[in-house]
Amino acid sequence: MTDSADNKIDYSKTLNLPQTDFPMRAGLPKKEPEIIERWNEMNLYKSLREDAKGREKFVLHDGPPYANGNLHIGHALNKTLKDVITRSFQMRGYDSNYVPGWDCHGLPIEWKIEEQYRGKGKNKDEVPINEFRQECRDFAAHWVGVQSEEFLRLGITGDFENPYLTMNFDSEAIIAGELMKFAKSGQLYRGSKPIMWSVVEQTALAEAEIEYEMYESDTVWVKFPIAKGPDHLKGASIVIWTTTPWTMPANRCVCYSKKVSYGLYEVTVAENEFGPQPGDRSIFADSLVGECAEKAKVEMKRVGDVSVDDLKGMVLDHPLKGMGVDGYQFKVPMLHGDHVTEDAGTGFVHTAPGHGRDDFENWVAKRAEIEALGIDSSIPFCVADDGTYTDDAPGFPDVKVIDEKGKKGKANQAVITALIGQNNLFARGRVKHEYPHSWRSKKPIIFRNTPQWFVYMDKDGVCEKGTLRNTALAAIEETRFVPALGKNRLRGMIEGRPDWVLSRQRAWGVPISVFRNEETGQVIPGPEFDKSDELSQRIVEAFKKEGADAWYAEGAKKRFLDGIVDNQEQWTKVNDILDVWFDSGSTHAFCLEQREDLKWPADLYLEGSDQHRGWFHSSLLESSGTRGRAPYDAVLTHGFVMAEDGTKMSKSKGNVVTPQEVISQSGADILRLWVASSDYSEDLRLGKTILQTNIDSYRKLRNTLRWMLGTLSHDEGEEVALADMPELERLMLHRIWELDKLVNSNYDSFDFKRITRSLLDFMVLELSAFYFDVRKDALYCDGPSSVRRKAALQVVGHLFDRLVTWMAPILPFTMEETWLSRYPDAKSVHFEQFRSCPDEWRDDALATKWKKVRQVRRVVTGALEIERREKRIGSSLEAAPVVYINNDELNTAINGLDMEEICITSDIEISVGTAPDGAFTLDDVAGVAVVPQLAKGEKCARSWRVTTDVGADPEFPEVSARDAKVLQELKLLGKL
RNA sequence: GGGCUGGUAGCUCAGCUGGUUAGAGCGCACGACUGAUAAUCGUGAGGUCGGAGGUUCGAGUCCUCCUCGGCCCA
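First, a word on scope: everything that follows refers to the structure included in this document. (Residues numbered from 1 in each chain as written. Chains lettered and ligands numbered in written order. Predicted model: local features only at pLDDT ≥ 70, side-chain atom pairs only at ≥ 80, totals over all residues. Heavy atoms only, no water.)

### Considerations on the pairing of strand β9 (residues 253-256)
And then number 1: Of the two faces of β9, the one lined by Cys253 and Cys255 and the one lined by Val254 and Tyr256 are each fully buried.
And then number 2: In the sheet, β9 pairs with strand β15 (residues 349-351) via three bridges, with the strands oriented antiparallel. Across the sheet, the residue bridging to Cys255 is Val349, located in β15.
And then number 3: Note: β9 against strand β14 (residues 331-336), three bridges, orientation parallel. Looking at β14, one finds that Val254 is bridged to Met334. (Buried < 20%, exposed > 50% of the residue type's maximum accessible area, 1.4 Å probe, protein only. Helix = DSSP H or I, 4+ residues; strand = E, 2+ residues; numbered from the N terminus. Pairing = 2+ DSSP bridges.)

### Focus on the nonpolar core
And then number 1: Judged by nonpolar contacts, the single largest core of 150 residues is most densely connected at Ile85 and Tyr771.
And then number 2: Not counting residues within four places of it along the chain, the set of residues in contact with Tyr771 comprises Leu728, Glu729, Met732, Glu766, Ala792, Val795, Val796 and Leu799. (Core = buried A, V, L, I, M, F, W, Y, C linked by side-chain atoms within 4.5 Å. Contact = heavy atoms within 4.5 Å.)

### Structural notes on the sheet that holds strand β5 (residues 188-198)
And then number 1: One open sheet accounts for four strands, arranged β6-β5-β17-β19; its pairing is antiparallel. In this open sheet, the two strands that pair with only one neighbour each are β6 (203-205) and β19 (500-501).
And then number 2: Taken together, the 10 bridges between β5 and strand β17 (residues 446-455) define a ladder with antiparallel strand orientation. Across the sheet, residue Ile195 finds its bridge partner in β17, namely Arg448.

### Description of the packing of helix α1 (residues 28-42) against helix α25 (residues 812-822)
And then number 1: Two numbers describe how α1 lies on α25: the axes approach to 10 Å, and their chain directions differ by 75°. For the element pair α1 / α25, the angle class is roughly perpendicular. The segment α1 lies against α25, with Leu28, Lys31, Glu32, Ile35, Ile36, Arg38 and Trp39 engaging Pro812, Phe813, Thr814, Glu816, Glu817 and Leu820.
And then number 2: Each residue belonging to the contact of α1 with α25 can be placed in one class, and the counts come to seven nonpolar, one polar and five charged. (Axes fitted to C-alpha atoms, helices over the stretch in contact; angles between N-to-C directions. Parallel < 35°, antiparallel > 145°, perpendicular 65-115°, else oblique. Nonpolar A, V, L, I, M, F, W, Y, C, P; charged D, E, K, R; others polar.)

### Notes on the pattern of salt bridges
And then number 1: For the coordinates displayed, the defined rule picks out 70 salt bridges.
And then number 2: Between Lys31 and Glu34 there is a salt bridge; the shortest N-O distance is 4.0 Å. A residue pair is termed a helical-turn pair when its members lie 3 or 4 positions apart in one helix, as Lys31 and Glu34 do in helix α1 at three residues.
And then number 3: Owing to a relative accessible area of 40%, Glu34 belongs among the partly exposed residues under this scheme.
And then number 4: Between Lys82 and Glu607 there is a salt bridge; the shortest N-O distance is 2.7 Å. Linking Lys82 in helix α3 (residues 73-91) with Glu607 in strand β25 (residues 602-608), this pair joins segments that are 525 residues apart in sequence. Of the two residues examined, Lys82 and Glu607, each falls in the buried class.
And then number 5: Within this structure, Glu729, Arg775, Asp777, Asp782, Arg788, Glu901, Arg942, Arg962 and Asp963 form a network of salt bridges that share partners. (Salt bridge = Lys/Arg side-chain N within 4 Å of Asp/Glu carboxyl O.)

### Quick word on the sheet that holds strand β26 (residues 632-638)
And then number 1: In space, the five strands of this open sheet follow the order β2-β1-β25-β26-β18, with parallel pairing throughout. Here the strands that pair on one side only, and so sit at the sheet edges, are β2 (95-97) and β18 (480-482). Neighbouring strand axes in the sheet, compared pairwise and without regard to direction, differ in orientation by 20° on average.
And then number 2: Where β18 meets β26, three bridges bridge the pair, whose relative direction is parallel. Of the residues in β26, the one forming a bridge with Phe481 is Val635.
And then number 3: Most of the contacts of α3 go to β25, to which it runs at about 155°, and overall it touches β1 (57-61), β2, β25 and β26.

### Side note on the packing of helix α22 (residues 727-748) against helix α24 (residues 787-807)
When two helices pack together, their arrangement is given by the angle between the helix axes and by the axis-to-axis distance.
And then number 1: For the pair α22 and α24, the least separation of the axes is 10 Å and the interaxial angle reads 10°. Considered as vectors, α22 and α24 are oriented roughly parallel to each other. Facing α22, whose interface residues are Glu729, Met732, Leu733, Ile736, Leu739, Asp740, Val743 and Tyr747, α24 presents Ala791, Ala792, Val795, His798, Leu799, Arg802 and Trp806.
And then number 2: Along the lines of polarity and charge, the residues of the contact of α22 with α24 split into 11 nonpolar, one polar and three charged.

### A look at empty space enclosed by the protein
And then number 1: Overall, the coordinates contain three cavities of 30 Å³ or more when judged by the stated rule.
And then number 2: Around the largest cavity, the lining comprises 16 residues; the ones closest to its centre are Tyr215, Trp246, Val401, Lys408 and Asn412.
And then number 3: Secondary-structure elements contributing two or more residues to the lining of the largest cavity are β7 (210-228) and α11 (411-421).
And then number 4: In terms of residue count, β7 provides more of the lining of the largest cavity than any other element does, three residues in total.
And then number 5: Split by residue class, the lining of the largest cavity holds nine nonpolar, five polar and two charged.
And then number 6: In this model, the second largest cavity occupies a volume close to 100 Å³.
And then number 7: Along the wall of the second largest cavity there are 13 residues; nearest its centre are Leu48, Thr86, Arg87, Gln90 and Thr157.
And then number 8: Listed by contribution, the elements that provide at least two residues to the lining of the second largest cavity are α2 (44-51), α3 and β2.
And then number 9: Counting residues per element, the lining of the second largest cavity draws most heavily on α3, at four residues.
And then number 10: Of the residues belonging to the lining of the second largest cavity, the class tally is four nonpolar, seven polar and two charged. (1 Å grid on protein atoms, 1.4 Å probe; cavity = no way out; pocket = protein on both sides within 12 Å on 5 of 7 lines; lining within 4 Å. Points joined across faces, edges and corners; volume = space filled by probe spheres on them.)

### Things to note about the protein's contact with RNA strand B
And then number 1: Surrounding RNA strand B, one finds 52 residues, the nearest of these being Asp679, Asp683, Ser768, Lys871 and Trp944.
And then number 2: Backbone atoms, meaning sugar and phosphate, make up 79% of the atoms of RNA strand B lying within 4 Å of the protein.
And then number 3: Taking Lys753, its side chain carries an N or O atom lying 2.5 Å from a phosphate oxygen of RNA strand B.
And then number 4: Between a phosphate oxygen of RNA strand B and a side-chain N or O atom of Tyr780, the distance comes to 3.0 Å.
And then number 5: Of all the elements in the fold, those that place two or more residues in the surface near RNA strand B are α13 (485-496), α21 (688-711), α23 (752-781) and α26 (844-869). (Near = heavy atom within 4 Å. Polar contact = N/O pair within 3.5 Å; in protein donor to acceptor, adjacent residues only side chain to side chain.)

### Comments concerning α3
And then number 1: In this model α3 runs 27 Å from its N-terminal to its C-terminal C-alpha over 19 residues, within 8% of the 27 Å that 1.5 Å per residue would give.
And then number 2: For α3, a buried count of 18 out of 19 residues is recorded, marking the element as mostly surrounded by other parts of the structure.
And then number 3: After α3 finishes, the residue Gly93 shows a positive phi value of roughly 105°. (Expected span 1.5 Å × (residues − 1).)

### Comments concerning the side chain of Ser828
And then number 1: Position of Ser828 relative to the elements: it lies in the loop between α25 and α26.
And then number 2: According to the relative accessible area criterion, Ser828 is buried, its value standing at 1%.
And then number 3: In terms of polar contacts, Ser828 uses its side chain to reach the side chain of Glu816, at 2.8 Å.
And then number 4: Polar side-chain contacts of Ser828 include one of 3.0 Å to the backbone nitrogen of His830.
And then number 5: Not counting chain neighbours up to four residues away, the residues in contact with Ser828 comprise Arg38, Trp39, Met42, Leu44, Glu816 and Trp819.

### Quick word on unusual backbone geometry
And then number 1: With an omega dihedral of -5°, the bond running from Val482 to Pro483 counts as a cis peptide bond.
And then number 2: On the secondary structure map, Pro483 appears in the loop between β18 and α13.
And then number 3: Despite not being glycine, Lys871 has its phi angle at roughly 65°, a positive value.
And then number 4: For Lys871, the location among the structural elements is in the loop between α26 and β29 (882-885).
And then number 5: Among the residues examined, Lys871 registers a relative accessible area of 73% and is labelled exposed.
And then number 6: At Ile904, a position not held by glycine, the phi torsion is positive, near 55°.

### Notes on the environment of Asn886
And then number 1: Here Asn886 shows up in the loop between β29 and α27 (888-894).
And then number 2: For Asn886, a relative accessible area of 52% translates into the label exposed.
And then number 3: Separated by 29 residues in sequence, Asn886 and Ala915 have C-alpha atoms that sit 8.3 Å apart.

### Some details on the side chain of Asp603
And then number 1: Within the element layout of this structure, Asp603 appears in strand β25.
And then number 2: According to the relative accessible area criterion, Asp603 is buried, its value standing at 18%.
And then number 3: A polar contact of 2.8 Å, which involves the side chain of Asp603, links it to the backbone nitrogen of Val59.

### Observations regarding the pairing of β14
And then number 1: Summarising burial for β14: five of the six residues are buried, a large majority.
And then number 2: Bridge count for strand β13 (residues 315-317) against β14 is three bridges, and the pairing is antiparallel. If you follow Leu316 over to β14, its bridge partner there is Val332.

Structure representation (structure tokens):
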């Protein structure tokens, strides 16, 4: 130590002050990419796999995000949760492999390509389908690349070099194979359903392709003569109201509601000579009859009640029954419908099951009831692709509902004329209302019955537990749900759902690779076809080699059917594609089952709560239908990310937070800390304030680790046995032991916020504010031979190793940086396992005792605070208070302890007995009173403690006896 | 409109089967230290537990209604 000019020693140079290059400020946005680069260089993912070879597998199966557009905050939340789980299981001793996946087929990508076409003035229909498909494929591939990079930037670890894609040839082959399993087991059937159809584009449209615009519709009030009903209603009619007169030929029933009050009304005065005339009797909802009378320009009086019992079982004639064509002679039943309201109309709802969603659903739900009445429940196909009536709507040949330009056709007028001819038109009018239009052509669309492919939910004998529904419900019971409420939600949906529609009339997807016999309706592969396996295999093999494009290639039909069927002419190759939910529902088949490094079923599926209707749902159905159980043992759901006020993020409100901006401004670890400290079982909130809270937490955490690093930079000396350690060290080991249990069990139950909270609180309350604060004197000032110092260093080392590994799954970047700072030769913290904590560390009695010690300490600190307020002291080392203890328990607790060390004062006098008046007390610590006093003696120039033995060693006159001894020791070692 | 679900200090979270004056960390204010220093330590102020009824000796915790929000349907 160099003496300065005035011959004074710089004692700070003789201390073991913290020394570290580990920066206080993280600079994560810059630092994190460097760490990623390091991981890439060592190929961290592959090394981890090799490292974990042979260990028990833990498989979290990735739900595939859709491959279009950049990541949003929801993706970040989802993938971070997955990553925390993957990493924590890896560090807890499993081989925890994670294979990311992407959903690549489907509508949104088709739109984008079509949009590009329109920009170039091209038309999708003029492009060969496989050319179009290739462009979709390229588009998806591009976004897989972009998202992959973004996920990696978030610190996600996984097999990003070999992800699974639904559009990989192998995937497409197996998806088709899965579909054919449904076909072969007799679970697949061809039915029909009304869908939104654009006549102009001659294409089906999805909900998202629809926009609502004002539109003027023709409206009609139509009489349905009662054919069978109670006597007092004989000769009367039920009147319905509709804004789509063209759907009258497709009418199959009329719905009423139990909640509506109906009456029988008779016309008393009629303004016109046409339409309803005096004496005509009809039934209306009492609340709506006035408006109806007005529209028909008549006056009516109520002549009787109509009860629900009167309506139940009633049968009507079709209003076009008498128009002289074959086809309207069927019976029209009255059915109850929950969708019937008194908002508008007549209180009765005209039901054309082929042209409306409610209509269809109510009709299908009541199928048994309808059949029991001896009525055919099949749904007619009344309108063709081009908007023209078909033979299923007899009497209107060549009449169009909508023409090729999107203009109204003659259908409404023709129907109205026919109704007038039958004297069944009660009134007519026009109404302007919101009506669905194609967002592309801006032309009105129609609901139109079309053939679709379904899977039976309730067909018996085709599935493990009889029906698919029962099989799936049983599978739900076998699954663990986190949080538990998810089970009810999924169960409710499976219980109530209709048959599963698989088909889409689209181009970018896996085809429904079956053939249908147009005459017999037989489908192959199928249950009664002996070459099903051969056919199925042939298709799968082709798809594996060429992708699903093989289905659309020239000569595909011949290629697949040669030698399979005798007369290929009879068979039609189905051109529909599979709904993308079937693709993703099959990931377990083409990813989990196929990859050697994974397993089936997965330990865990993890997605947002919307996936109860999505991926959890379709995976469950797919797997139940083909394998009789769920493809997962457990399902974890998380909520959605909201803005700070709890409402949805929206561009217009300007409260959208993107992962990209958080990462570039604060770093991925900040985002990850936010995830790990939030309650993901509900919706989570994110905004400026919340981000700042996490930044602050991060700083505290980082600084605490930094201090440990600095402290640990000094020689730890030889190991101190547990029994030789001071109580304070043993207390900390006990706490580590407790935290070890807490951390492990909460990683196991996926409760990360508990881990984060506990560790942060521990670092703040017990380390920074207590243990470290107390031990600074020993760590900085004690000499190399001090057992106290060696023990403390050892404990800090234990703390460091555990805290850093425990937090590595949550903060992979920072913990890597921290770990490498202490262990520069280590490969990566991510190869570490959570260190075990010996049971010898546990000491409950000691913990109880020290709770009491800290109570006494609180009183001392409280008393010193007053002194500080009054400017009598600054540092607590200036004080040497007297502690009066009048409490046996507390007295026993502190007996034999260096209370001045624990309270960080220069001296403490313990006095058993009553305190003088005016001594400082705390309400909640009975029997402890403190009288503050200034420490006697001089301030030691080295330790800053005020002692009476400063100058005891004439060689070091400025320091206390303890410090002089240390200096002598250092001198002996040649370190001075 | 229906199903499921949530609303505890400025922020994030604890509060088990109903039981003393509702807790913690952060933030904030004030103070101390200047050997964790754009750090560290201490003290303090913040809540009619979304609102209103009800059950109970007693409710943040149970029931009903209302309100605001979320997901999924319609």
